[in-house]
Amino acid sequence: MIYNKSNFKLNKASHFLKIGVLLLVTGCSTAPSKWENINDEGTFLVYRRQSLIGEESYSITSTKDSILVKSLQGENERGRITGVEAELHLDMNLEPSYYLNRRLTDKDTIVNLEVKKTTEGVSVFEKNRDFVEAKNQGFFPVHSNIPAGIEMMLYHYYFKKGGKGSLPILPRGEVSMNFIKKDTAQIKGENVILDRYVVEGINWGGRTIWVDQSQNLVALVKANTQIREYIKKGYEEAKPLFVQGNVEEQMAALSKYTTDLKGTQAEVKALVGGNLVDGLSDVTQEDMTLIITDGRISKIGKRSEVAIPEGAEVIDVAGKTLIPGLWDMHAHSNQVQWAPAYLAGGVTTIRDNGNELEFATSFRDAVAKDGALGPDILLAGMTDGAGIQGNGVVRARTEQEAKEVANMYFSNGYKQIKIYSSVSEDLTKVLAEEGHKRGMTITGHVPNAIGNARGAIEAGMDMLSHRSRILTVLFPGQDVKELGSNYILKNDISQDQIDEATAFLLDHKTVLDVTIALDVARAMPKGDVLESIEPFSDRMAYELFEGKRFRSGLSPARAKDAKADYIKAMGILGQFHKAGVPIVAGTDNIVPVFGLYLEIETYQKYGDMSPLEALKTATIIPAKAMGLDKETGTLEVGKEGDIAILDKNPLENISNIRTVEAVVTNGNYYKSNPLWEAADFKPNK
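What you see is a predicted model, and the numbers here were worked out from it, not measured in a lab.

Caption draft 1: Focus on the overall build of the protein. Across its full length, the protein holds 18 helices and 34 strands. Taking 26 Å as the expected radius of gyration for a compact globule of 685 residues, we find that the protein reaches 26 Å, a close match to that expectation. Based on the C-alpha atoms only, the size of the protein along its principal axes is roughly 80 × 60 × 55 Å. Classification of the 685 residues of the protein by burial places 60% in the buried group. Within the protein, residue pairs in contact and separated by at least 24 positions form 62% of the contacts whose partners lie at least 6 positions apart. By element, 47% of the accessible surface of the protein is carried by carbon and sulfur atoms, the whole surface being about 26500 Å². When the 79 basic and 91 acidic side-chain charges of the protein are each reduced to a single mean position, those positions are 3 Å apart.

Caption draft 2: Quick peek at the layout of surface pockets. Its volume calculated, the second largest pocket comes out at about 620 Å³. Lining the second largest pocket are 29 residues, with Glu 200, Gly 205, Tyr 257, Gln 337 and Asp 680 positioned closest to its centre. At the level of secondary structure, the elements contributing two or more residues to the lining of the second largest pocket comprise β14 (174-187), β15 (190-200), β16 (207-211), α2 (239-261) and α18 (672-678). For the lining of the second largest pocket, the element with the most residues is α2, which contributes 7 residues. Residue classes in the lining of the second largest pocket are distributed as 11 nonpolar, 8 polar and 10 charged.

Caption draft 3: Here's a closer look at the confidence of the model for the protein. Counting all residues, the mean pLDDT for the protein is 92, and 94% of those residues have values of 70 or more. For residues 1-32, every residue scores under 50 in pLDDT, and the model assigns this stretch 111 contacts once sequence neighbours within four places are set aside.

Caption draft 4: Highlighting the nonpolar core. The biggest cluster of nonpolar side chains holds 133 residues, and the ones touching the most others in it are Leu 471, Leu 474 and Phe 576. If one sorts the elements of this core by residue count, helix α14 (residues 556-579) sits on top with 8 residues. Once you skip the residues sitting within four places of it in the chain, Leu 474 turns out to touch Ile 488, Ile 493, Gln 497, Ile 498, Ala 501, Ile 572 and Phe 576. Judged by nonpolar contacts, the second largest core, of 45 residues, contains Ile 53, Leu 170, Val 199 and Tyr 230.

Caption draft 5: Up close: the environment of Thr 587. Mapped onto the elements, Thr 587 comes out in the loop between β31 (583-584) and α15 (594-607). For Thr 587, a relative accessible area of 1% puts it in the buried group. Once residues within four sequence positions are removed from consideration, Thr 587 is found in contact with Asp 328, His 330, Tyr 342, Gly 595 and Leu 596.

Caption draft 6: Structural context of the pattern of salt bridges. Inspection of every chain in the model, using the stated rule, returns 30 salt bridges. The salt bridge involving Lys 233 is made with Glu 55; its shortest N-O contact spans 3.6 Å. Of this pair, Lys 233 sits in the loop between β18 (228-232) and α2 while Glu 55 sits in strand β5 (residues 51-62); the two residues are 178 residues apart in sequence, bridging distant segments of the chain. For Glu 55, a relative accessible area of 4% puts it in the buried group. Linked by salt bridges that have partners in common, Lys 181, Asp 183, Arg 196, Glu 248 and Glu 249 make up one network.

Caption draft 7: Layout of the side chain of Glu 356. In this structure, Glu 356 sits in the loop between β25 (347-352) and α4 (357-368). One buried charge, Glu 356, has no salt-bridge partner; the nearest side chain with opposite charge is Arg 49, at 6.6 Å. Setting aside anything within four residues of it in sequence, one finds Glu 356 in contact with Arg 49, Gln 50, Ile 227, Glu 229 and Val 243.

Caption draft 8: Main features of empty space enclosed by the protein. Counted under the stated rule, the structure contains 2 cavities of 30 Å³ or more. If you go around the largest cavity, the residues you meet are Val 142, His 143, Ser 144, Ile 169, Arg 172, Gly 201, Ile 202, Tyr 542, Glu 543 and Glu 546. The residue inventory of the lining of the largest cavity, partitioned by class, reads 4 nonpolar, 3 polar and 3 charged. In this structure, the second largest cavity encloses a volume near 30 Å³. As for the second largest cavity, its lining consists of Gly 206, Val 221, Lys 222, Ala 223, Ile 227, Asn 246, Gln 250, Asn 334 and Gln 335. For the lining of the second largest cavity, a count of residues per class yields 3 nonpolar, 5 polar and 1 charged.

Caption draft 9: Representation of the sheet that holds β31. As summarised here, the arrangement of the 3 strands in space is β29-β30-β31, forming an open sheet in which the pairing is parallel. The open sheet terminates on both sides in strands that have one partner only, identified here as β29 (463-465) and β31. Of the pairings in the sheet, the one linking β29 to strand β30 (residues 511-513) comprises 3 bridges and is parallel in character. Across the sheet, the residue bridging to Leu 464 is Leu 512, located in β30.

Caption draft 10: Structural view of the sheet that holds strand β26 (residues 376-383). The 5 strands lie next to each other as β24-β25-β26-β27-β28, forming an open sheet whose pairing is parallel. The open sheet has two edge strands with one neighbour each: β24 (326-331) and β28 (441-444). Across the sheet, the axes of successive neighbouring strands diverge by a mean angle of 30°, strand direction being ignored. Here strand β27 (residues 416-419) runs beside β28; their pairing, made up of 4 bridges, is parallel. Paired with Lys 418 across the two strands is Thr 443, which belongs to β28.

Scoring rules and cut-offs
Residues numbered from 1 in each chain as written. Predicted model: local features only at pLDDT ≥ 70, side-chain atom pairs only at ≥ 80, totals over all residues. Heavy atoms only, no water. Helix = DSSP H or I, 4+ residues; strand = E, 2+ residues; numbered from the N terminus. Rg over C-alpha atoms; globule rule 2.2 N^0.38 Å. Buried < 20%, exposed > 50% of the residue type's maximum accessible area, 1.4 Å probe, protein only. Contact = heavy atoms within 4.5 Å. Areas by Shrake-Rupley, 256 points an atom, 1.4 Å probe, with all protein chains shown as cover. Lys, Arg positive; Asp, Glu negative; His and termini not counted. Charge placed at Lys NZ, Arg CZ, Asp CG, Glu CD. 1 Å grid on protein atoms, 1.4 Å probe; cavity = no way out; pocket = protein on both sides within 12 Å on 5 of 7 lines; lining within 4 Å. Points joined across faces, edges and corners; volume = space filled by probe spheres on them. Nonpolar A, V, L, I, M, F, W, Y, C, P; charged D, E, K, R; others polar. pLDDT = per-residue confidence, 0-100. Core = buried A, V, L, I, M, F, W, Y, C linked by side-chain atoms within 4.5 Å. Salt bridge = Lys/Arg side-chain N within 4 Å of Asp/Glu carboxyl O. Pairing = 2+ DSSP bridges. Axes fitted to C-alpha atoms, helices over the stretch in contact; angles between N-to-C directions.

Rendered as structure tokens:
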């Protein structure tokens, strides 16, 4: 398989792209003061969730007065073959004058970012945005998907500028580097000293990088809602060091959040004068007092009837509405910035639905065992099958591997095994059997080899993700690929079909994680801003804008069909819900934190749910699905004090779910604005 445009070749034996012909660079082997007559090249290996998915080759060449850096990255990520081509022009002082980054596919070439000096200043073009002019006061072109070869030159530039403070970048923001420590990597039996830094301003929450003693980039680990590792070829045997180093830096960041934001917390808290939505009925109880003792609700009653214990911290919530803390049942919390962000949004429990084991277990344990700031974290362990379309490093390709996967996740305290798309039908059954033996439930995608929700459920899956695969339950014997896009819109679906599918789901006690907000965002027309569907989207950390807020959109005709498809689908899902099929709210990170509000709002808007019913999809229904309904999910005496405090009542208008002002979780009280600020989200529009 060959891409003429970029000289890509798919090496099926090694499952990643080999890149040829174009002159490219690896690290610069000379000192920063000796950039003349450079002609170096090399390669970085690209990993996603520790699974090798591609390579980036890059080169650096110089003339007497200029430096040219070129980079070409090829990936086969779950069967999606793409590339990124970039070039950077610098003068001999490493000042940039031109940068171009293009995404390459078999169908198109798309400019992601172009920055160039002009006589007036600097011209900036960004994908899905208009050209803008900026003043030239010194800058470096940086975006969240900056190639490693270009990023290497950023660090040389930073060190040349003194290696302290922050540097302005375009199209937005600034970058800073913080030296952490020296690490020793074992490379081919030799000790190699590397300097570890945490870099902030490129991706949300920072990235961990390592440079050699000549200040050349050797490795980096970043997130921006999914973890990727870039490791210079020759250093791959040190991958565990880099993975663990990033975990250490993430936990250090979480520790700082906890110190800065948690403060001294009283063992007894009295929330006085608020209106209470207990999550059980649609009646709002007014002027109530709720007492929390050692993290649990010890008393609920009218303010005039509840005595406040001596020594309690009294929190005036008059005029506010107290609701059960929210759940996100489709999280991918790959960095600790989710901790303050989720709490700021009133989310007190998440199910992490696929993550790197080293980071996920450390994050969970820091909150659960060490009292770190954050929501309660329940883990579903990502598992995929053989082949290039597989996702992540954990694979079940044989019966023995399936048993080992189940045991690994169980021994690490996971609540679920998550089946991904490439697991075979036979091994889906093995994973389900082995998980069930250990008291774990099975969730995830309908595997491609099964193709229909009924087959996945019959193979032992307890929960299913994503409505496009879930609703194949309406078409027994038909494959999701055979049904095609917008298949709900394109087919006449009888009430008998819906009733029969409902009975099947109820009989198997299947839980549905439909991630409808994902469909809503994907159906946006080209040119629309994300705020048109989720009004708080512009409050995200700026490093997330290009991947989350700036969207390509669809043509008017395609957008119209896609919207009609998900609206019709929600009508069917609403019928499932009315019949008692559990539906839980989950975001799949479509709009960090705010996507949960969009999910809940869409359930009411198109699923014929009342505000209370929509609210329950993010409170008691997920709590029950995870076997924790006796502990949390409603505001009742004896349950954990998981509470979101809102300025307005969501039972009056479900959109009021966005008015979170404070949160209580694990016995701790936090105001939302400082949490939003800590997570780099603007606290006010």
